[in-house]
Amino acid sequence: MKIYRYPIKDSWKDLVKRPVLEQKEISGLITDIFAEVEKNGDKALREFNEKFDKADTQSISVTEEEIENAEKQISNELKQAIQQAKENISKFHASQKQEIQKVETVKGVVCWRENRAVEKVGIYIPGGTAPLFSTVLMLAVPANLAGCKEIVLCTPPDKNGNINPAILYAAKLCGVSKIFKTGGAQAVAAMTFGTETIPAVNKIFGPGNQFVVAAKEYAQRYGVAIDMPAGPSEVLVIADEQAVPDFCAADLLSQAEHGSDSQVVFISTDLKVFEETVKAIGQQIRDLPRNEFAAQALENSSFILINTLKEALEFSNLYAPEHLILAIADFEKYIPLIENAGSVFLGNYSCESAGDYASGTNHTLPTNGYAKNYSGVSLDSFVKKITFQQLSKEGLQNLGKTIELMAEAEGLFAHKNAVSIRLK
Ligand code: NAD
């Protein structure tokens, strides 16, 4: 880990950099993968499964039988946990539904918006190093609430060519029927072009490693929309003198264990909390099964001592973290200073894993500084908003002169005439 004591502001722009792979290398690879999938469809997917996931998959589609068997392999306790998480995620996302609001801008001129679901959506469920069945809930629940007609799920198979049973169970619970064994950039390409078995979709959702993020970005040139760049996980923790070092260390490690390209940032105004957190990380990491990933991620991570909480928030806004934890006493006072963050956790008991799994908020969030211009996934991500207007004769009389004048000034006389002809 890199330790910085009271770094000057001029150096901050270097401290907010993420450990990203060489973009040139990735983009060549993505172009090749897309070309191969477009040309050879399922055959290409089977070959990529072999190459990248060491999996022999005769069939890309998951069968009904595999889904039924999955249910039997999961403990009742885990099923109940998944159901409770689903309930909370449903509750929070259902609350995002808005009533149609009709506005009379001028007497006789009424405008409003209505939502329509994106018809076909593709959800990518990461499975390279950990089977993230929680992501199924995060994407399929709002897709269903929004009314999407078709939900296509892609996830990498394990070495035996199987999908983790908890992913299949969560998919069934959330009404996803089309599940396919393919991961990485090739899965994104398949949902973009469609193959013999996988339908093409209108919008692709979901987090993933840097290959998945680059592929989603590339897919947009074929007219497919994406949710946002949601890549390797990050957390930034701000701690004052009342923070609990063991809690801070646990939160930092919870993101570091995602993968070697994850990044965690710890900022403290208190030397004792700072030193004890660093010590606690050394102790807690030993017991983690994924401590190799965590140790690699920590190598790219920054631990920063800073003078004031105001400065800490300033740094955080420049970094724009996916997850921001305020382990500080007076967090309410600092909420208005937060400009850029994917999701925020307040106080000593709001651990980030709560949002990852079960509190109700969505865990598909912008990384790599994209919290400066993107929101995380929400119900809105699955709908388009269509505007409507209705003008009565009186409405057009009230607004006509304005439209005619503006159209004439732009030299668009057919536009002007569409009003004049009605008001004659
Ligand atoms: P993944 O499913 O994203 O990626 C695995 C796939 O990557 C493989 O199937 C393979 O096709 C491809 N791949 C691997 N190495 C490759 C190579 N050298 N060349 C080409 N393709 C290759 O699973 P993962 O790797 O475990 O990553 C999951 C990621 O998702 C982590 O980085 C985690 O931090 C991130 N994540 C982000 C969020 C968010 O909201 N931002 C949420 C959860 C997880």
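Residues numbered from 1 in each chain as written. Predicted model: local features only at pLDDT ≥ 70, side-chain atom pairs only at ≥ 80, totals over all residues. Heavy atoms only, no water.

Details of the packing of aromatic side chains
For the structure on display, the rule yields 13 aromatic pairs. A centroid spacing of 4.8 Å and a plane angle of 75° characterise the contact between Phe34 and Tyr218, whose relative ring orientation is edge-to-face. Taken together, the residues Phe34 in helix H2 (residues 23–53) and Tyr218 in helix H8 (residues 210–219) connect sequence positions 184 residues apart. Residue Phe34 is classed as buried on the basis of its relative accessible area of 1%. Positioned above the aromatic ring of Tyr319 is the side chain of Arg18, whose terminal nitrogen or guanidinium carbon lies 3.5 Å from the ring centre. (Phe/Tyr/Trp six-rings, centres within 6.5 Å; stacked < 30°, edge-to-face > 60°. Helix = DSSP H or I, 4+ residues; strand = E, 2+ residues; numbered from the N terminus. Buried < 20%, exposed > 50% of the residue type's maximum accessible area, 1.4 Å probe, protein only. Lys NZ or Arg CZ within 6 Å of the ring centre and 35° of its normal.)

Notes on the site of the ligand
Not every one of the 30 residues close to the ligand is listed here, only the nearest: Tyr124, Thr129, Asn209, Ser233 and Leu365. Within the backbone of Ser233, one N or O atom sits 2.8 Å away from an oxygen atom of the ligand. Within the contact set of the ligand, a nitrogen atom lies 3.1 Å away from a side-chain nitrogen or oxygen of Glu322. Within the complex, the protein chains bury 86% of what would otherwise be the 870 Å² of accessible surface of the ligand. At the level of secondary structure, the elements contributing two or more residues to the shell around the ligand comprise H2, helix H7 (184–193) and H8. Ranked by the residues each element gives to the shell around the ligand, the list is headed by H2, at three residues. Looking at the shell around the ligand residue by residue, the classes come out as 12 nonpolar, 15 polar and three charged. (Near = heavy atom within 4 Å. Polar contact = N/O pair within 3.5 Å; in protein donor to acceptor, adjacent residues only side chain to side chain. Areas by Shrake-Rupley, 256 points an atom, 1.4 Å probe, with all protein chains shown as cover. Nonpolar A, V, L, I, M, F, W, Y, C, P; charged D, E, K, R; others polar.)

Digging into the confidence of the model for the protein
Within the protein, residue pLDDT values average 96, and 100% of them lie at 70 or more. Confidence estimates for the predicted assembly give a pTM of 0.96 and an ipTM of 0.97. (pLDDT = per-residue confidence, 0-100.)

Looking at the pattern of salt bridges
According to the stated counting rule, one finds 13 salt bridges in the structure shown. Between Glu47 and Lys43 there is a salt bridge; the shortest N-O distance is 3.4 Å. A residue pair is termed a helical-turn pair when its members lie 3 or 4 positions apart in one helix, as Glu47 and Lys43 do in helix H2 at four residues. On the basis of relative accessible area, Glu47 is assigned to the partly exposed category, the value being 40%. Look at Lys43 and you get partly exposed, because its relative accessible area is 43%. One salt bridge connects Asp380 with Lys385, and the closest N-O pair in it is separated by 3.1 Å. Given the relative accessible area of 40%, Asp380 is considered partly exposed. What makes Lys385 partly exposed here is its relative accessible area of 30%. One connected set of salt bridges, linked through shared partners, spans Glu68, Glu71 and Lys172. (Salt bridge = Lys/Arg side-chain N within 4 Å of Asp/Glu carboxyl O.)

Comments concerning the UniProt feature "coiled-coil region" (unreviewed entry) in the protein
Mapped onto the present numbering, the UniProt feature "coiled-coil region" (unreviewed entry) falls at residues 60–95. In this annotation, residues 60–95 is assigned 81% helix and 0% strand; the end-to-end C-alpha distance for the span is 36 Å. (UniProt positions renumbered as here; feature names shortened; annotations may be inferred.)

Some points on empty space enclosed by the protein
Within the structure shown, the criterion is met by one cavity of 30 Å³ or more. Of the volumes computed, that of the largest cavity is approximately 50 Å³. Together, Phe247, Cys248, Asp251, Ile325, Ala327, Gly347, Asn348, Ser350 and Cys351 line the largest cavity. Of all the secondary-structure elements, those providing two or more residues to the lining of the largest cavity are helix H9 (245–256) and strand E12 (323–327). Residue contributions to the lining of the largest cavity peak at three residues, all from H9. Considered class by class, the residues forming the lining of the largest cavity number five nonpolar, three polar and one charged. (1 Å grid on protein atoms, 1.4 Å probe; cavity = no way out; pocket = protein on both sides within 12 Å on 5 of 7 lines; lining within 4 Å. Points joined across faces, edges and corners; volume = space filled by probe spheres on them.)

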